[in-house]
Amino acid sequence: MAAVQGGLVDSEEEKDIKADPSSDVCGNSNNANDAKPVSNSPGTNAPPGPVKTSVETAEEQQTLLAVLQFLRKNNLSESVEILRREAGLPEDLLDHKGSDGPGSGASTVGGGLDGGDTTTLLSRVTAAASGVQAPTKATSDDQPDVSVVLSAYSQQGDPNLYAVYYSDLKKFIETVLDCHRAELSQVFYPLFVHMYLELVYNNHENEAKSFFQRFSGDQECYYENDLRVLSSLTKREHMRGNETLLDFRTSKFVLRISRDSYQLLKRHLQERQNNQIWNIIQEHLYIDIFDGMPRSKSQIDAMSGSLAGEAKRDANKSKVYYGLLKEPEIELPLDDEDEEAENEEGKPKKKKPKKDSLGSKSKKQDPNAPTQTRIPLPELKDSDKLDKIMYMKESTKRIRLGPETLPSICFYSFLNAYQGLTAVDFTDDSSLIAGGFADSTVRVWSVTPKKLRKVKSAADLNLIDKESDDVLERIMDEKTASESKILYGHSGPVYGISFSPDRNYLLSSSEDGTIRLWSLLTFTCLVGYKGHNYPVWDTQFSPHGYYFISGGHDRVARLWATDHYQPLRIFAGHLADVTCTRFHPNSNYVATGSSDRTIRLWDVVNGNCVRIFTGHKGPIHALAFSPNGKFLASGATDGRVLLWDIGHGIMVGELKGHTETIYSLRFSRDGEILASGSMDNTVRLWDSMKAFDDLETDDFTATTGHIHLQDNSQELLLGTYTTKSTPVIHLHFTRRNLLLAAGAYNP
Amino acid sequence: MSAPKTIPKDAQVMMQILKDMGITEYEPRVINQMLEFTYRYVTTIIEDAKIYSTHAKKSTVDADDIKLAIQCRMDQSFTSPPPRDFLLEVARQKNQTPLPLIKPYTGPRLPPDRYCLTAPNYRLKTVHKKVLPSAGRISVPRLSVGAVSSRPSTPTQGSSVPSVSKVSAPVSLSAQRFTVQIPSAQSHAPKTTSATPPVLMSSSLIGQKTLLMTGGGGALSQSDSLKRKHDDSEDYDAM
């Protein structure tokens, strides 16, 4: 059922796609996607849609009805009679199905869907017949899915009555009890948008405009950007190219309402004849009902704001292995240094006792950690083992941070970047910085006094003594050593950059749709991974190397391995661009933040979305996992940092303070401090230890997802450090807990 | 500072459009960029429409032509990402295959060579050398590709290395390069020129060296070509 664009194939595709919804008992699905759950929640009135016995008869009937309707529209009444008689269709069935207006609740659902069917089938019929003017513009659509989606709006009430229905509902909701009002007010925004889009689709431009003007001011302030986009959409053609809007149509907007409030609403709508609203609610809204206290306005506000409503309860219920992988035991090499000699016993896991020791003292498996073989990971090479030993040594010298001992911050300002600096990354041991620029170059600098060297040319390599001890030094070319190297290759601004953990490779993702792997030994480009055909906004190497992820404008994130030219996993589900992608420390999960204001956590093994976090009111630009793997911090254009508990799938904290978009977040090495950098030229430090300690996750909270956020941002803020007009776009804690920050000076 | 007396009407319209779309803060150059884009877009559409209308043998350009032009241009330049259900379907198929096992380390983990960018993507033209002792030899164009590689090395062959820049026979050039250049691998070099010896270095580097050779050592190669193949160490030093 892939969407194939092409003239002749379309008609068949449309037919196939329409066959599926008609066979769906519920009759509510507007797109024929098998993978998405389509059923309404048990609480809603299960619409007794027309039960079709077999697909063929349903399809044939649809076709017949379409033809009949077409003939009727063209006033060929005699043909209508003849056809009806011959086809043996009962009279009332035809009238019933052919009506576009709102009938009784049950049948309109079916009617609406059939109306949609007939519209698209009409277009097919007219396309086949030459020289006949199609009543709808569906023939000009060359994407079958688009017309499927848009045909959802063929059912129409009287356009003038829309405003009446809406204000009626408004009045009703204003009169309900306070405790219910906040919950029912959630309905306003999706209802408003869907009604507006229906009017636009059915070419009632003036009514749409007046409807918009009258009611757009009532919506919540955080939907302002969406409403502005909507206001520019006044004709049906405008809707066509906007993928995000189309996705909004096909996916159901999820609302979480308590049972009592829902009963109120249902009763009210079914008493009146306002079935138009009821239809929209059934078709486009998914009402997740829970038993319990209705939520307060502040609770609702905290969780809402995303383009798809909130997350369903069961979306966040699957088990997530958020623990860390067991560190491999490394045999220390014979040439130990002094520190090793101090400890008498030659056991591999000797070091000064630390909280989360690398060579774990507990032999048994952490129940929350994935097994070592859950995903294939590359084995450690000797150089990797040496790196790990270095890491262990460095971590013994690490400063313990806390509210009393704040980290020192070293800021790297990029001068003369002319607003062209688009991405920055540090290696884990903080020896190299890479910058991605809008002029499509990637530059690598050495932070330490040691210069950057590339491997000698082949001819020179033959001259060296291969048996000498320092052969690894000799293969490096001294003549071309320099502080920085420039890598050319991309054909568009470089938006994402990531070093590999073993410092041999550098990844860069760009607006030209490719991700390039550069070798840091030869400073040349090795591979170009093509897959996204649209700008790739972010990329990151896995903490264990070998895998990397990328997310872009095509609304998916992809998992790649360096030795496969095609992605291994595709994480599809977001409604808008994927702007930020991060690996979990155990490499088994991937978090993606998107312009649709949600964060999703994906399982690498099977590509499923295991968590959906809503609550941000703007596109998300920064994500950070805590070092223990349990928590996720996210920052967005709304200037807030939100903290999420991955295991339970709920929001646990909100840090307010920044005034502009937050572009970078980083936890300190032991997770005690969270640093955030933003466009408002400041770096702020937050006490994450305290933020996570104060959790009271009782069962009720976990099951219903109610959150009780404390407004303690001020207490958690440990310090604000302003730069001289330099937005902070990257943060990095060195192994000894010194904070490095990077940004481009912007006078 | 002299402000312009009046802003052109088009720019005023553009400012109004930006205001209507809710954009309040923008740099002044944005107006110019938007105007340029508008001009380019509109002229492209109108030109396309003119082509379509002449194709349909109409005397004037009418709305249908414009619509067709817009549609074609949309499909070409302003494509939008694939629709969601398509992506979900593709993702479902892709995610069904289990993650491949990782082979033990056998060098950098890269895709097969044809998907990498590590192959040479250029061929060098050798530079015509000016002063050559045995100039007479130059004129013998040993062009035939196959011949070079299969024939045992003869003195004359070596001589034509740097001289004739017949790019049309790249293989011959490179084969010749090998004979001149890579002494170390040629333990058996005197016998065959086709010793494309298993060159352990990347081809791109070879190219560089070639340039060096032909640039600087052209004179050498001419006279010493005879000796070169027999005496590897000399060549070695020359480099």
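For the structure itself, look to the data block above.
All values reported here derive from a predicted model rather than from experimental measurement. Residue positions are given per chain, counted from 1 along the sequence in the order it is written. Here every chain gets a letter starting at A, and every ligand a number starting at 1, in the order they are written. Predicted model: local features are reported for residues with pLDDT of at least 70 only, side-chain atom pairs are reported and counted for 80 or more only, and whole-chain, interface and lining totals are derived from all residues. Side-chain metrics in this entry use all non-hydrogen atoms of the structure; hydrogen atoms and water are not considered.

Student: Would you mind showing me how to read the overall build of chain A here?
Tutor: We count a stretch as a helix when DSSP gives it H or I for four or more residues in a row; a strand needs E for two or more, and each element gets its number in order from the N terminus. Per the secondary structure count, chain A includes 23 helices and 29 strands. Contacts in chain A between residues far apart in sequence, at least 24 positions, make up 62% of those at least 6 positions apart. The Shrake-Rupley method, run with a 1.4 Å probe, gives the accessible areas here. Residue values count only the displayed protein chains as cover. Of the accessible surface of chain A, which amounts to about 31,300 Å², a share of 51% is contributed by carbon and sulfur atoms. By definition in these notes, contact holds between two residues if any of their heavy atoms fall within 4.5 Å.

Student: Where do I start with the pattern of salt bridges in this structure?
Tutor: Residues and elements named next belong to chain A. Definition used for salt bridges: Asp or Glu carboxyl oxygen within 4 Å of a side-chain nitrogen of Lys or Arg. Overall, the coordinates contain 39 salt bridges over all chains when judged by the stated rule. With its nearest N and O atoms 3.3 Å apart, the salt bridge here joins Asp 301 to Lys 297. Of this pair, Asp 301 and Lys 297 are both found in helix α16 (residues 297-303), four residues apart, which corresponds to roughly one turn of the helix. By relative accessible area, which is 39% here, Lys 297 ends up partly exposed. Relative accessibility thresholds used throughout: buried, under 20% of the residue-type maximum; exposed, over 50%; partly exposed, between the two (1.4 Å probe, protein chains only).

Student: Got a minute to help me understand the sheet that holds strand β17 (residues 589-594) of chain A in this structure?
Tutor: Sheet strands associate in pairs through backbone hydrogen bonding, adopting either a parallel or an antiparallel arrangement. Residues and elements named next belong to chain A. Here, strands pair whenever DSSP counts at least two bridges between them. With antiparallel pairing, four strands are arranged side by side in an open sheet as β16-β17-β18-β19. Only two strands of the sheet have a single neighbouring strand rather than two, namely β16 (578-583) and β19 (609-614). Along the sheet, successive strands turn relative to each other by an average axial angle of 20°, direction set aside. As judged from the five bridges shared by β17 and strand β18 (residues 598-603), these two strands associate in the antiparallel manner. When the bridges of β18 are listed, Val 590 appears paired with Trp 602. Each axis is a line fitted through C-alpha atoms, and for a helix only the stretch in contact is used; angles between axes span 0 to 180 degrees, taken between their N-to-C directions.

Student: Explanation requested: the pairing of strand β24 (residues 662-667) of chain A in the structure shown.
Tutor: In regular strands, side chains alternate between the two faces of the sheet. All names here are of chain A. For β24 and strand β25 (residues 673-678), the ladder comprises five bridges, and the chain directions are antiparallel. Following the sheet pairing, Phe 667 is matched in β25 by Leu 674. Where β24 folds back on β25, the antiparallel hairpin that results is connected by five residues, among which Gly 671 adopts a positive phi of roughly 85°.

Student: So what exactly am I meant to see when it comes to helix α14 (residues 259-271) of chain A here?
Tutor: In an α-helix, one turn spans 3.6 residues; hence positions three or four apart end up facing the same way. Residues and elements named next belong to chain A. Each helix should span, by expectation, one fewer than its residue count multiplied by 1.5 Å. A rise of 1.5 Å per residue sets the reference length of α14, with its 13 residues, at 18 Å; its end C-alpha atoms lie 18 Å apart and thus fit the reference within 8%. Those residues of α14 that sit buried are Ser 261, Tyr 262, Leu 265, Lys 266, His 268 and Leu 269. When α14 is viewed along its axis, its buried side chains cluster within an angular range of 165° and face the same direction. Where α14 is buried, its residues contact α7 (159-175), α8 (178-184), β1 (253-258), α15 (275-284) and β2 (285-290). Summarising the geometry, the arc corresponds to the directions from the helix axis toward the C-beta atoms.

Student: How should I be thinking about the sheet that holds strand β22 (residues 640-645) of chain A in this particular structure?
Tutor: All names here are of chain A. The four strands are arranged β20-β21-β22-β23 in an open sheet whose pairing can be described as antiparallel. The outermost strands of the open sheet, each flanked by one partner alone, are β20 (620-625) and β23 (650-656). In this sheet, neighbouring strand axes are inclined to one another by 20° on average, regardless of whether the strands run parallel or antiparallel. Where β22 lies against β23, six bridges are found, and the strand directions are antiparallel. Paired with Trp 644 across the two strands is Met 651, which belongs to β23.

Student: Would you mind going over the nonpolar core with me for this structure?
Tutor: One recurring pattern in soluble globular proteins is that nonpolar side chains are buried together. Residue and element names in this part refer to chain A. Put simply, a nonpolar core is a bunch of buried Ala, Val, Leu, Ile, Met, Phe, Trp, Tyr and Cys residues held in one set by side-chain atoms that sit within 4.5 Å of each other. Counting residues in each nonpolar core, the largest one holds 49 residues, and the members touching the most others are Leu 169, Met 195, Phe 211, Leu 230 and Ile 281. The biggest single contributor to this core is helix α9 (residues 188-201), with 11 residues. Core analysis: the second largest hydrophobic core is formed by 19 residues, Val 610, Phe 613, Leu 642 and Trp 644 among them.

Student: When you look at the packing of aromatic side chains in this model, what are you seeing that I'm missing?
Tutor: All names here are of chain A. Stacked, edge-to-face and tilted are the three classes for Phe, Tyr and Trp ring pairs, Trp counted by its six-membered ring, which pair at centre distances within 6.5 Å; planes under 30 degrees apart are stacked, over 60 edge-to-face, the rest tilted. Within the structure shown, the criterion is met by 30 aromatic pairs over all chains. Three or more aromatic residues joined by ring pairs form one cluster here, namely Tyr 166, Phe 188, Phe 192, Tyr 196, Phe 211, Phe 212 and Phe 215. By the criterion adopted, a ring carries a charge over it if an Arg CZ or a Lys NZ lies within 6 Å of its centre and within 35 degrees of its normal. Over the ring of Tyr 201 we find Arg 236; its NZ or CZ atom is 4.3 Å from the centre of that ring. Sitting over the face of the ring of Phe 437, Arg 443 holds its NZ or CZ atom 5.5 Å from the ring centroid.

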